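# Coordinates in review
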Amino acid sequence: MQEVEHLLRSAAAGHGGALQLCGSPGSGRSALLRQAALRADGWTVHSIPGYAAERTLPLAALRRLLPGDDLLNHLRTASRHRPQLVLLDDAHLLDAPSAQAIAHAARRVTGDRIAFLAAGPPGLALFPARHLAPLPADECRALLSLHAPDLTDDVTVALTELSGGNPAALTDLAHSLSPAQRRGYAPPPDTLPRDSPLRHRLLAELEALPAATRTLLRLAACEPPPPLPVLLAHGRLSDLAPAEHAGLITVDDDHVRFGSPVSRSVTYHGMTAVARQAAHLALAEASTGRGRHLDALLHHAAATSSDDAALAAALTQAAAPAAPAFATEALRYAAQLTPDPAARDAALLDAARAAWLAGRPHRATQLLRTAEHTATHLTGPAPGTHVRARRSAETRLRARGLAAEMRPDEPASREILMDVAADIGDADPVTALDALALAGEAACLAGEQGRYITLAQRIVAGQRGDESPPVAMAYHHVAGLAELALGHEDAAFERFRRELTLAGSVAEPIPLIRAATAGIIVGDARGATGAAGRAAVLAGAGGAHSLVPRALELAALAGMASGDYDAATTAALDGVALARGTGQTALAGTHLGLLAVLAALVGDRDSGQARIRAATGTDQARPLCEWALALLDLVDGRPLAAAERLRVVVTGPPGRGSVLLHVAVVPHLLEAAGPEPALNRVAAAFDDWAGRTGQSGWLALRDRCRALRTRDGEAAEAHFRSALRRAGESGFPRAHTELLYGRLLRRRRRHVAAREHLRRAAETFRLLGAEPWAAQSVRELRAAGERSGPEMIAAAPVRGDGDAVLTAQQLRIATLVAEGATNREVAQELHLSTRTVDHHLRNVFARLGVRSRTEMAHLLTAR
């Protein structure tokens, strides 16, 4: 660790100091002390670990180092010959007088060759602290693959979640797995193995606490976690203080939170089965008294070890309005407790869907595997065998359908979703509509148009007209996709617009996400933005975390379509983080691809390429990355290379988002290729689509494309003028049209008129931070005879203006820097290059009239 190395280097040079490493047991804090000792070649190393048995013995720790009390003089004398390193493992167990003496000495060694290095839990207050963060997911995966290389993805995620990123826990868990657990055919462990050294250490820390504290901790370790008022029905708040002081828990206004998931699981499973049952029953009673009905049911279920049809039914009923995370557990228990196989299968499938919505796809995969296993391994011949076999087949198909719903971008998922729709369409049309809506766009563009159209028409024929708005929207969506596949664009647009109109009357995220897609297909960026934004808010508030990045994808696309690149960037940045957090790797790649396009649109080559590299490995992002590279080719004056890339995008394989993508790249393709006859069909399709949208922004782009396609100079000028008269033409798209129009006028030797448009283009590009495009405008201006320097094109920055307007990108960067982030950290957070961050910071300094980060932070705070 860099901080430890810096401490040793400084102390060796006569600038002593102290550092404490704070982390939970197993986090590697002791290993770092051992590494420091190994690196201290030529030093005298003193090891003074804390012991629980000596904690109440005054100066016991100090006596192990020296006979007297003058630690500082002892170390200073010794440091004249060799640097001195004092290691204090488990420093929280030092007796108080020794800890005070050591802290006193550490504050006075700044001019000596002496270093103090301590390790202990969070909350230790001995020296300046460095908190050891849990291992990130990729490092957890690497560590697990080192010890168990054949783990399935869902098992890897489950173990990572249980360990909380604790290296020792990951190692112990990996070594404890059976072959069936490694491949996901048996449930993964829910706690550390009995022979785990970390488990023994955590239990020893628990046993060292007072009895009343242990009682509350064991109750707090039960799932669902009891809120503080429920927990304190069995003790006092002061009883938790010893555990909080030891760094095992933190207590906030609502809950007791364990330092790590593994600490909670060891505390819970350290109880006997009888003790666990008693704990759940006690919490069930307290939860009932506080009106927490679902919590009480879950605790009753955890305490029940035999079939209980009434409790299973109550859990199923309570799950319906619950947040997905709670619904998952309620339905899982219902599946365990019901004696009815059909109810069990339904509960398992519903639990899997709830787990996926909650952002836990690995848990959903495990539940689906359980559902398929129980459906496949039905007990032998019995009355009603044919009925049971049919139910078994339906359960397996629905499980496959849900798995496909979790991965709609995969080609195999389209066929599975259509299989589901075909099988259950008559009995369950709403579920069939959901499956067809997911399969639809890609299926319509791939080789399954005929099958999709047939299925869609069959299901849509059952529409009565009195359906609720969400169901009516699903009918419109599927019907619209089928009409699109048939080439009936007017009918398709009519269906999609009716769907978008109904969006205002629903408050469910999935119908709104589909409505946002419909809005994008018909070119209604405003309607799509509203539906996507509402979907993201509703999904987040309802705990449907997997849906939030999907809604943000559509918000980013709508922002890009409307020219609001700042809003699109914000949505995509949030989408990357949330998609990764919910295990949706392909969707995270799509967001990175969108960010690459957004960077390329403003000519930011470094950030665009960095985002393309980050998206590498996800097929869904490849067309977006090609689009971004083509835009960078345009910026660099390589139109032929750009045209070749964009032809690949337009003729590429279908997938989710293909409809919009095949439309959105056309203006750039036509700009790069010019009036090429081979593109007549593509140009005509875009012209027809843009006209059908009726939206001024798309109509302005249609005018621009017409100008680029014609060889008649007068006609081209008329088309450009028409584009600039459109009310929806603004921001970056308008500046780009001004640039292209100015270039045409310059080539037609109408230099005065050209300079007017090129100046406006350069000014807008500068304000938007699109410096390469501004530079291109300046080059055109000079070619058109502009005599003033580039500095005259944009308004000079206002020095010392605390009210200066920053772009959204500049404000994001400035805020992070003001909070203490380095340029590299800002680049990682926003998926930018460090050069781009440097460039934006220079512009921020100029706009705000400041010369340092500190001045900028003060100015932003005062705003």
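Scope of this entry: the structure provided in the associated data block. In this text the structure is predicted, and so the values were computed from the model without any measurement. (Residues numbered from 1 in each chain as written. Predicted model: local features only at pLDDT ≥ 70, side-chain atom pairs only at ≥ 80, totals over all residues. Heavy atoms only, no water.)

## Regarding the sheet that holds strand β2 (residues 44-47)
Pairing within the open sheet is parallel, and its five strands lie in the order β2-β3-β4-β1-β5. The two strands at the open ends of the sheet, each matched to only one other strand, are β2 and β5 (129-131). Pairwise comparison of adjacent strand axes, ignoring direction, gives a mean angle of 20° for this sheet. The sheet strands contacting helix α4 (residues 71-79) are β2, β3 (84-88) and β4 (114-120), and the helix crosses β4 at an angle near 125°. (Pairing = 2+ DSSP bridges. Helix = DSSP H or I, 4+ residues; strand = E, 2+ residues; numbered from the N terminus. Axes fitted to C-alpha atoms, helices over the stretch in contact; angles between N-to-C directions. Contact = heavy atoms within 4.5 Å.)

## Considering the nonpolar core
Across soluble globular proteins, you tend to see nonpolar side chains buried next to one another. Membership of the largest hydrophobic core comes to 179 residues, with the highest contact counts inside it found for Leu315, Trp627, Phe686, Phe765 and Met856. Element by element, the count of residues in this core is highest for helix α29 (residues 547-562), at ten residues. Setting aside chain neighbours within four positions, we find Trp627 in contact with Met560, Val597, Leu646, Val649, Leu661, Ala664, Val665 and His668. If you look at the next biggest cluster of nonpolar residues, it comprises 42 residues, including Leu151, Leu228, Leu231 and Ala246. (Core = buried A, V, L, I, M, F, W, Y, C linked by side-chain atoms within 4.5 Å. Buried < 20%, exposed > 50% of the residue type's maximum accessible area, 1.4 Å probe, protein only.)

## Digging into empty space enclosed by the protein
Evaluated as defined, the whole model comprises three cavities of 30 Å³ or more. For the largest cavity, the calculated volume is near 90 Å³. Lining the largest cavity are 14 residues, with Ser24, Pro25, Glu205, Gly247 and Leu248 sitting closest to its centre. Among the residues forming the lining of the largest cavity, the class breakdown is six nonpolar, six polar and two charged. As a volume, the second largest cavity reaches approximately 60 Å³. Every residue lining the second largest cavity is listed: Leu202, Leu206, Leu217, Leu248, Phe258, Ser263 and Thr267. For the lining of the second largest cavity, the elements supplying multiple residues, two or more each, are α10 (197-207) and α14 (261-269). Taken together, the residues of the lining of the second largest cavity break down into five nonpolar, two polar and no charged. (1 Å grid on protein atoms, 1.4 Å probe; cavity = no way out; pocket = protein on both sides within 12 Å on 5 of 7 lines; lining within 4 Å. Points joined across faces, edges and corners; volume = space filled by probe spheres on them. Nonpolar A, V, L, I, M, F, W, Y, C, P; charged D, E, K, R; others polar.)

## Examining the pattern of salt bridges
Under the definition given, this model contains 47 salt bridges. Of the charged contacts, one joins Glu161 and Arg360 as a salt bridge, the two residues approaching to 2.5 Å between their closest N and O atoms. Residue Glu161 is found in helix α7 (residues 153-163), and its partner Arg360 is found in the loop between α19 (341-357) and α20 (361-376); the two are separated by 199 residues along the sequence. With relative accessibility at 28%, the residue Arg360 sits in the partly exposed group. Here Arg692 and Asp688 are joined by a salt bridge, their closest N and O atoms 2.6 Å apart. With Arg692 and Asp688 both in helix α37 (residues 680-693) and four residues apart, the pair spans about one turn of that helix. Among the charged side chains, a salt-bridge network with shared partners connects Arg605, Glu626, Asp633, Asp636, Arg638 and Arg645. (Salt bridge = Lys/Arg side-chain N within 4 Å of Asp/Glu carboxyl O.)

## Comments concerning the environment of Asp172
Relative to the helices and strands, Asp172 resides in helix α8 (residues 167-176). In sequence terms Asp172 and Ala579 are 407 residues apart; their C-alpha atoms lie 29 Å from each other. Dropping the residues within four chain positions of it, Asp172 is found in contact with Leu192, Pro193, Ser196, Pro197 and Leu198. Among the polar contacts made by the side chain of Asp172, one reaches the side chain of Ser196 at a distance of 2.6 Å. (Polar contact = N/O pair within 3.5 Å; in protein donor to acceptor, adjacent residues only side chain to side chain.)

## Observations concerning the packing of aromatic side chains
Centre-to-centre distance and the angle between the planes together describe a pair of aromatic rings. Inspection of the entire model under this criterion finds nine aromatic pairs. Relative to Phe732, the ring of Tyr565 has its centre 5.4 Å away and its plane inclined at 50°; by these criteria the two rings are tilted. With Tyr565 in helix α30 (residues 565-581) and Phe732 in helix α40 (residues 731-747), the pair connects residues that are 167 residues apart, well separated along the chain. An aromatic cluster is built from Tyr565, Phe732, Phe765 and Trp773, whose rings are joined through pairwise contacts. Between the NZ or CZ atom of Arg332 and the centre of the ring of Tyr333, over which it lies, the distance is 4.5 Å. (Phe/Tyr/Trp six-rings, centres within 6.5 Å; stacked < 30°, edge-to-face > 60°. Lys NZ or Arg CZ within 6 Å of the ring centre and 35° of its normal.)

## Here's the deal with the packing of helix α27 (residues 509-521) against α29
Relative to each other, α27 and α29 sit at 20°, their axes nearing to 10 Å. One finds that α27 runs roughly parallel with respect to α29. Judged by the sense of rotation from one axis to the other, the crossing of α27 with α29 is left-handed. Every residue of α29 that contacts α27 at Pro509, Ile510, Ile513, Ala516, Thr517 and Ile520 is listed here: Leu547, Arg550, Ala551, Leu554, Leu557 and Ala558. Of the residues belonging to the contact of α27 with α29, the class tally is ten nonpolar, one polar and one charged. (Parallel < 35°, antiparallel > 145°, perpendicular 65-115°, else oblique. Left-handed = near helix turned anticlockwise from the far one by under 90°.)

## Some details on the side chain of Thr191
Topologically, Thr191 is positioned in the loop between α9 (179-182) and α10. Overall, Thr191 belongs to the buried group, its relative accessible area being 15%. Here Ser265 takes part through its side chain, which lies 3.4 Å from a polar atom of the side chain of Thr191. Once residues lying within four places of it in the same chain are set aside, the contact partners of Thr191 are Leu162, Leu173, Ser265, Val266 and His269.

## A few points about unusual backbone geometry
Geometrically, the link from Glu223 to Pro224 is a cis peptide bond, its omega value of 0° lying close to zero. In this fold, Pro224 is placed in the loop between α11 (211-220) and α12 (228-231). Within the chain, Asp90 stands out as a residue other than glycine whose phi angle is a positive 50°. As for its placement among the helices and strands, Asp90 is situated in the loop between β3 and α5 (96-106). For Asp90, a relative accessible area of 15% translates into the label buried. Even without glycine at this site, His831 takes up a positive phi of about 55°. Topologically, His831 is positioned in the loop between α44 (823-830) and α45 (834-848).

## Some thoughts on helix α34 (residues 639-650)
In this model, α34 (twelve residues) spans 16 Å end to end at C-alpha, consistent with the 16 Å of a helix rising 1.5 Å per residue. Along α34, the residues classified as buried are Ala642, Ala643, Leu646, Val649 and Val650. Viewed end-on, α34 has its buried residues packed into an arc of 115°, placing them on one side of the element. (Expected span 1.5 Å × (residues − 1). Arc of directions from axis to C-beta.)

## A word on the pairing of β4
With seven of seven residues buried, β4 lies mostly within the body of the structure. Of the two faces of β4, the one carrying Ile114, Phe116, Ala118 and Gly120 and the one carrying Ala115, Leu117 and Ala119 are both buried. When strand β1 (residues 17-22) meets β4, the two strands line up parallel, connected through six bridges. If you follow Gln20 over to β4, its bridge partner there is Ala118. In this fold, the crossover linking β3 to β4 by way of α5 has right-handed handedness. (Right-handed = clockwise from strand over helix to strand, strands pointing away.)

## A closer look at α7
With respect to burial, α7 is a largely interior element, eight of its eleven residues being buried. Turning to α7, its buried residues are Asp154, Val155, Thr156, Ala158, Leu159, Thr160, Leu162 and Ser163.

## Looking at the environment of Leu455
As for its placement among the helices and strands, Leu455 is situated in helix α24 (residues 449-460). Relative accessible area serves as the criterion here: at 6%, Leu455 is assigned to the buried category. Distance from Leu455 to Leu631, taken between C-alpha atoms, is 39 Å for residues 176 residues apart in sequence. Apart from residues lying up to four places away in sequence, Leu455 is in contact with Met418, Ala422 and Leu436.

## Focus on the packing of α7 against α20
The geometry of α7 relative to α20 is characterised by a closest axis approach of 8 Å and an angle of 125° between their N-to-C directions. Taken together, the axes of α7 and α20 lie oblique to each other. Where α7 crosses over α20, the handedness of that crossing is left-handed. On the side of α7, the interface is formed by Asp154, Val157, Ala158 and Glu161, while α20 contributes His362, Thr365, Gln366 and Arg369. Classifying every residue of the contact of α7 with α20 gives two nonpolar, three polar and three charged.

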